[in-house]
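Each chain is listed here by its residues.
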Protein chains: 2
Amino acid sequence: MAVQAVESSTTSSGPADSAAAAGSSVSLGPAVALSCRECGERFPLGPIFACAECFGPLEVAYDLPTGDPEGLRRRIEAGPNNIWRYAPLLPVPADVADKPNLNPGFTKLVKADNLARELGVTGELHIKDDSGNPTHSFKDRVVAQAVEAARAFGFTTLSCSSTGNLAGAVGAAAARAGLRSCTFIPHDLEQGKVVMAAVYGGDLVAIEGTYDDVNRFCSELIGDPAGEGWGFVNVNLRPYYAEGSKTLAYEICEQLGWRLPDQLVIPIASGSQLTKIDKGLKELIELGLVEDKPYKIFGAQAEGCSPVSTAFKAGHDVVRPQKPNTIAKSLAIGNPADGPYVLDIARRTGGAVEDVNDEQVVDAIKLLARTEGIFAETAGGVTLGVTRKLLENGVLDPTLTTVVLNTGDGLKTLDAVAPTSGPTAVIRPSLDAFRDAGLA
Amino acid sequence: MAVQAVESSTTSSGPADSAAAAGSSVSLGPAVALSCRECGERFPLGPIFACAECFGPLEVAYDLPTGDPEGLRRRIEAGPNNIWRYAPLLPVPADVADKPNLNPGFTKLVKADNLARELGVTGELHIKDDSGNPTHSFKDRVVAQAVEAARAFGFTTLSCSSTGNLAGAVGAAAARAGLRSCTFIPHDLEQGKVVMAAVYGGDLVAIEGTYDDVNRFCSELIGDPAGEGWGFVNVNLRPYYAEGSKTLAYEICEQLGWRLPDQLVIPIASGSQLTKIDKGLKELIELGLVEDKPYKIFGAQAEGCSPVSTAFKAGHDVVRPQKPNTIAKSLAIGNPADGPYVLDIARRTGGAVEDVNDEQVVDAIKLLARTEGIFAETAGGVTLGVTRKLLENGVLDPTLTTVVLNTGDGLKTLDAVAPTSGPTAVIRPSLDAFRDAGLA
């Protein structure tokens, strides 16, 4: 399988070296090693992200608390109302909840009965609404893991390449944790995301180029003395960072009463979130916290950036990069690192990957707002738009329990709906003017 | 005391009449009547808001569950993670949690140690962060009560006069509840608030005038056939609506471990929120859920709309209306209905009312973002700015437990910080460009 290996895995330097060298002395809870997703080779916990043998991506391997599912369930339920209730399953220290961080997660799982009626869904339809996170996107979940890894490895600057949401999440988390931040974004983002990325007081660098240019630049920086001592949450801390998306799987199942959904619809940017939700669901089965039964995972992309959807429909294993052109900027990753794994998961579980155009994205944002009072960002519009399309095409089963992810907040992508979401009328403050406007 | 009585209390009409006439047959949990805050006269529960005897404002009177504080505490703690855990203390049906609504509340109480250090606070400093609510302001709390009252009284259209946040909260809540909405705002609001107020699909009417003009217009509309069958959450449903702010008091105390804070700093728009937080604290004492001890309540206004602060400093009982001119538009109520009650409470508890200018508001927004990773709207900047001023003036005691409210979200008032919150640098994607920018 084609895996996008990053150039070098030996770029850790500065304060990170000692911790990385120390390996197992790093205390990140149940995390015991990094293992290569391609060849299975194991490495001590450290700020590395690509296999020294085959350049495959590394992920966290655990010693999970098996054997007492009831005890584990009770322990989780007695935990805090945030992701740290799942600390026994995450690469974080046991006392993580006591440290200064944004405590994201345990966002609402909304039973969307009005929406179900409109879509002709007769089973349960739920929206997992991550706009309720501290900086209003799911990124707070992954950044929270990266902060703990950064602390463990002695990094003092937190960094990232970002389509906007992540830069805000990193800026906020670094502020609370007392770390410096320096984040990188494409130069043409929505105002809300730019301001939010800057307001927490860290350095914010706008790059003249696409997200993929920003990403390449960060890979260069990490091998350069200028990036010494920096924890890039989605590069050299990526194995830890990515695990944060598992919490979406945990929460969905717990909020369904420790039950797996039948179908999940998940947006695809790099594809990492989708693969980690699958990992989280499998862990819950292995731990005996949910009944072992099949589930299907569906991926959602915007037509203007649909490399994974295109590959899925063509029956390819390889994802061919695209140059993005879509209003769903938070999903505009033309060269998605986890694309091949997404294809695997969609095919293995009997799911699919589909895409919708910008008009369908806007329609879906407004549909969700009108039916459930949830204002999603464009990524949420993509996911709901694809859900609608898959229902219309008979690919999604309307009689089953389906969970659709909203990963961000409409306030950050106002431009998408602003042209069609304004006052019905502008009038003088008089009853006559009100009647003349035809609203009485 | 000067109370701003509304012109008429006999404007209820249409479907409301029967319910209002039925009085006690309306089932709103522990709510048993409406009572006049001025003369004490009681009225059956109905969509009325001013005393027929003296034109004083009406508020909800309860038959609260006294006598078993431990049982009540356990019942609350076993409740849902939203305001409905306090349903036994609110004017809502006992089965409210099962009905379609936005389930706001139980937002984070953030222990703000970084901020405390910057401000020289040696006691506990907490931010009650209501940006975590479904539409990202405290308004979701009050609207949720109004929705239940609207249902009880048979209203099918939900309406309000709003400075922006409320219109969004009403639009979203109506969408989820399956009600029509028609909301009214001044014509010059921030784009984020306008789009959010419109996106949920109800009618949104922009009025050429200030908030006070909008408010007057709604009072006219409610007495007109054009407003028949409409529940104006902050006019004819105001007694119920306002009670939602009590939940801030409940949550703060529960999250402190069933303990009263020593000092609270609360923003003042109409003043209703501050008075209801005081009411909620007194109820907790009466119910035996917290120890009876003194607390001080401080009110915060923007200098450009400071009628209550001006009256407080002048030693007046009467609040003289002002024409607002401040970036804190959600607090820009020049003629605050509950102003006199705020003065009473600040004086009775040993608190104060203070104001800050727009520059101090922006500084405070950025201070909170930089220290705690919380991006507040201008109202939050006013409250923290006043907190800082009161500490500097020696009015707030830095050694005590202090809670500061952030009632809204910075994403809705981007213009306040956008001029000073942008990228540190805009560069080509190259290491040379990065070094040239002086960031390495």
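Residues numbered from 1 in each chain as written. Chains lettered and ligands numbered in written order. Predicted model: local features only at pLDDT ≥ 70, side-chain atom pairs only at ≥ 80, totals over all residues. Heavy atoms only, no water.

Before going further, it helps to spend a moment on the interface of chain A and chain B. Listed as interface residues are 68 residues of chain A and, on the opposing side, 68 residues of chain B. Both faces considered, chain A and chain B share a buried interface measuring about 5700 Å² in area, 63% of it formed by carbon and sulfur atoms. Ranking the residues of chain A by area buried against chain B places Arg-176, Val-199 and Leu-411 of chain A at the top, with a combined share of 11%. Counting across the chain A and chain B interface gives 4 salt bridges. Notably, a salt bridge pairs Glu-372 of chain A with Arg-176 of chain B, separated by 3.2 Å at the nearest N-O pair. (Contact = heavy atoms within 4.5 Å. Buried area = accessible area lost by both parts, 1.4 Å probe. Salt bridge = Lys/Arg side-chain N within 4 Å of Asp/Glu carboxyl O.)

Residues and elements named next belong to chain A. Scanning the model with the defined rule gives 62 salt bridges over all chains in all. Between Arg-435 and Asp-432 there is a salt bridge, with the nearest N and O atoms lying 3.4 Å from each other. On the criterion of helical spacing, the pair formed by Arg-435 and Asp-432 is a turn pair, its members being 3 residues apart in helix 16 (residues 431-436). A relative accessible area of 36% places Arg-435 in the partly exposed class. Residue Asp-432 is classed as exposed on the basis of its relative accessible area of 52%. (Helix = DSSP H or I, 4+ residues; strand = E, 2+ residues; numbered from the N terminus. Buried < 20%, exposed > 50% of the residue type's maximum accessible area, 1.4 Å probe, protein only.)

Moving on, we get to the packing of aromatic side chains. Inspection of the entire model under this criterion finds 18 aromatic pairs over all chains. A centroid spacing of 5.7 Å and a plane angle of 55 degrees characterise the contact between Phe-434 of chain A and Phe-184 of chain B, whose relative ring orientation is tilted. Note that Phe-434 of chain A is positioned in helix 16 and Phe-184 of chain B in strand 7 (residues 180-186), a pairing that runs across two chains. With respect to burial, Phe-434 of chain A and Phe-184 of chain B carry one shared label: buried. Ring centres of Phe-434 of chain A and Phe-217 of chain B lie 5.8 Å apart, and the angle between their planes is 65 degrees; this geometry places the pair in the edge-to-face category. Note that Phe-434 of chain A is positioned in helix 16 and Phe-217 of chain B in helix 7 (residues 211-222), a pairing that runs across two chains. Phe-217 of chain B shares its class with Phe-434 of chain A; the two are buried. An aromatic cluster is defined as three or more aromatic residues linked by ring pairs; in this entry it consists of Phe-184, Phe-217, Trp-230 and Phe-232 of chain A together with Phe-434 of chain B. When the ring centre of Tyr-341 of chain B is taken as origin, the NZ or CZ atom of Arg-37 of chain B, which lies over that ring, is 4.0 Å away. (Phe/Tyr/Trp six-rings, centres within 6.5 Å; stacked < 30°, edge-to-face > 60°. Lys NZ or Arg CZ within 6 Å of the ring centre and 35° of its normal.)

A few words now on the confidence of the model for chain A. Overall, the prediction assigns chain A a mean pLDDT of 93, with 95% of residues at 70 or greater. Counted against residues more than four places away or in other chains, residues 1-24 of chain A, with its pLDDT under 50, gives 48 contacts. (pLDDT = per-residue confidence, 0-100.)

All right, on to the UniProt feature "modified residue: N6-(pyridoxal phosphate)lysine" (unreviewed entry) in chain A then. If you check UniProt for "modified residue: N6-(pyridoxal phosphate)lysine" (unreviewed entry), the listed places come out as Lys-139 of chain A in our numbering. Beyond its immediate sequence surroundings of up to four residues, Lys-139 of chain A is in contact with Asn-165, Leu-166, Ala-169 and Tyr-241 of chain A. (UniProt positions renumbered as here; feature names shortened; annotations may be inferred.)

Quick look at the sheet that holds strand 4 (residues 109-111) of chain B now. Residues and elements named next belong to chain B. As summarised here, the arrangement of the 6 strands in space is 4-5-13-10-11-12, forming an open sheet in which the pairing is mixed. Both outer strands of the open sheet, strand 4 and strand 12 (353-356), are each paired with one neighbouring strand and no more. Looking at each pair of strands side by side, their axes are set apart by 25 degrees on average, direction ignored. Examined bridge by bridge, strand 4 and strand 5 (residues 125-129) share 3 bridges and lie antiparallel to one another. Residue pairing across strands places Val-110 opposite Ile-127, the latter belonging to strand 5. Along the sheet face, helix 14 (residues 378-392) touches strand 10 (263-267), strand 11 (296-302), strand 12 and strand 13 (402-406) and points at about 110 degrees away from the line of strand 12. (Pairing = 2+ DSSP bridges. Axes fitted to C-alpha atoms, helices over the stretch in contact; angles between N-to-C directions.)

The subject of this paragraph is the environment of Leu-237 of chain B. All names here are of chain B. Secondary-structure assignment places Leu-237 in the loop between strand 9 (230-232) and helix 8 (238-243). A relative accessible area of 0% places Leu-237 in the buried class. Leaving out residues up to four positions away in the same chain, Leu-237 has contacts with Pro-47, Ala-146, Ala-149, Ala-150, Phe-153, Phe-155, Leu-158, Gly-231 and Phe-232.

It is worth spelling out the packing of helix 10 (residues 272-286) of chain B against helix 12 (residues 339-349) of chain B at this point. For any two helices packed against each other, one specifies the crossing angle of their axes together with the interaxial distance. All names here are of chain B. Here helix 10 crosses helix 12 at 45 degrees, and the two axes come no closer than 9 Å. Relative to helix 12, the element helix 10 lies oblique. Crossing of helix 10 against helix 12: the hand is left-handed. Every residue of helix 12 that contacts helix 10 at Leu-274, Thr-275, Asp-278 and Lys-282 is listed here: Tyr-341, Val-342, Ile-345, Arg-348 and Thr-349. (Parallel < 35°, antiparallel > 145°, perpendicular 65-115°, else oblique. Left-handed = near helix turned anticlockwise from the far one by under 90°.)

What follows is about the domain arrangement of chain A. Residues and elements named next belong to chain A. Taken domain by domain, chain A consists of domain 1 (15-66 + 141-241) and domain 2 (109-136 + 245-420). Summarising the inter-unit geometry, the C-alpha centres of domain 1 and domain 2 are found 24 Å apart. Taken together, the contacts link 26 residues of domain 1 with 30 residues of domain 2. Summing both sides of the interface, domain 1 and domain 2 together bury roughly 2300 Å²; the carbon and sulfur share of this comes to 47%. Ranking the residues of domain 1 by area buried against domain 2 places Arg-37, Arg-141 and Glu-190 at the top, with a combined share of 28%. Notably, a salt bridge pairs Lys-193 with Glu-377, separated by 3.5 Å at the nearest N-O pair. Between the two partners, domain 1 and domain 2, sit 15 residue pairs in polar contact (both at pLDDT 80 or more). Looking at the side of domain 1 that touches domain 2, the elements with two or more residues in it are strand 3 (58-62), helix 4 (139-153), helix 5 (165-177), helix 6 (191-198) and helix 7 (211-222). No other element matches helix 5, which puts 4 residues into the side of domain 1 that touches domain 2. Tallied by class, residues from the side of domain 1 that touches domain 2 come to 12 nonpolar, 5 polar and 9 charged. (Domains from an automatic or database assignment. Polar contact = N/O pair within 3.5 Å; in protein donor to acceptor, adjacent residues only side chain to side chain. Nonpolar A, V, L, I, M, F, W, Y, C, P; charged D, E, K, R; others polar.)

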